[in-house]
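Given next are the chains, with one letter for each unit.
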Amino acid sequence: MEPIQKHYKVAQALAWFTIIYNLAEGIISTFYGFEEETLSLFGFGVDSFIEMISSIGILVMIFRIEKNPNSPNSTFEKKALQLTGYCLHALAIILVLTAAVSIYEAHIPQDTLPGIIISCVSIGIMYLLIKEKIKVGKALDSAAIVADANCARVCMYMSMVLLGSSLLAYFIQIPYIDAIGAIGIAYFSYTEGKESLEKAAGTHDCSCHDH
């Protein structure tokens, strides 16, 4: 097998792993978010399901550029980006509205330890995924793969927001902390949604940089 083919196989494996990981993260996060009445964790889990749709689009993109690196986005890729964008915008609106109710009711989650554990795992895995995707993207001289890896940093920032709010709520059991964390996740959901819709329209220029 030629080196370039090996790199494409690695890119495909990373994409498959991202899909499976997002599915598992979504199931676990929404389950514990519901059980422990933690809005930020539940919202984080829903976002993971939506990210899985985006990851499927990325996998299709990798197969496409393997055959023809200069080919335009396929209809499936554009539809996946549009669906991701609309779902993320909807999630952002729902989280803000639900957070407002949570603040009004002065709700305190039962336990935020699951959020701490899940966010720590997510930060570590996202860091490694971004690093490996950038590496394979550069090896393939693919601006699309590198841009996807760099722009995925927002997912890691979202995990950091969940970790911060979960830690504060765990040690300082007062109202509003979980709701504020949910609003932070809503902000990043909106940002991701806007980015996805711009990519679908071909107007997005990823400003993320490799550090």
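Residues numbered from 1 in each chain as written. Predicted model: local features only at pLDDT ≥ 70, side-chain atom pairs only at ≥ 80, totals over all residues. Heavy atoms only, no water.

1. Description of the side chain of Gln12
Take Gln12: it is sitting in helix α1 (residues 3–35). Looking at Gln12, the relative accessible area reads 7%, which means it is buried. The contacts of Gln12, once residues within four sequence positions are left out, are Leu59, Ile62, Phe63 and Glu66. (Helix = DSSP H or I, 4+ residues; strand = E, 2+ residues; numbered from the N terminus. Buried < 20%, exposed > 50% of the residue type's maximum accessible area, 1.4 Å probe, protein only. Contact = heavy atoms within 4.5 Å.)

2. Some points on the UniProt feature "transmembrane region" (unreviewed entry) in the protein
The UniProt record marks residues 12–34, 40–63, 83–106, 112–130 and 168–190 with the feature "transmembrane region" (unreviewed entry), using the residue numbering of this structure. Helix and strand shares over residues 12–34 are 100% and 0% respectively, and the end C-alpha atoms of the span are 33 Å apart. Split by type, residues 112–130 is 95% helix and 0% strand. Its first and last C-alpha atoms lie 27 Å apart. (UniProt positions renumbered as here; feature names shortened; annotations may be inferred.)

3. Observations concerning helix α5 (residues 143–151)
Among the residues of α5, those classed as buried are Ile145, Val146, Asp148, Ala149, Asn150 and Cys151. Where α5 is buried, its residues touch α1, α2 (39–67), α4 (113–139), α6 (153–171) and α7 (177–201). With a side-chain oxygen lying 3.3 Å from the backbone nitrogen of Ile145, the N-terminal cap of α5 falls on Ser142. (Polar contact = N/O pair within 3.5 Å; in protein donor to acceptor, adjacent residues only side chain to side chain.)

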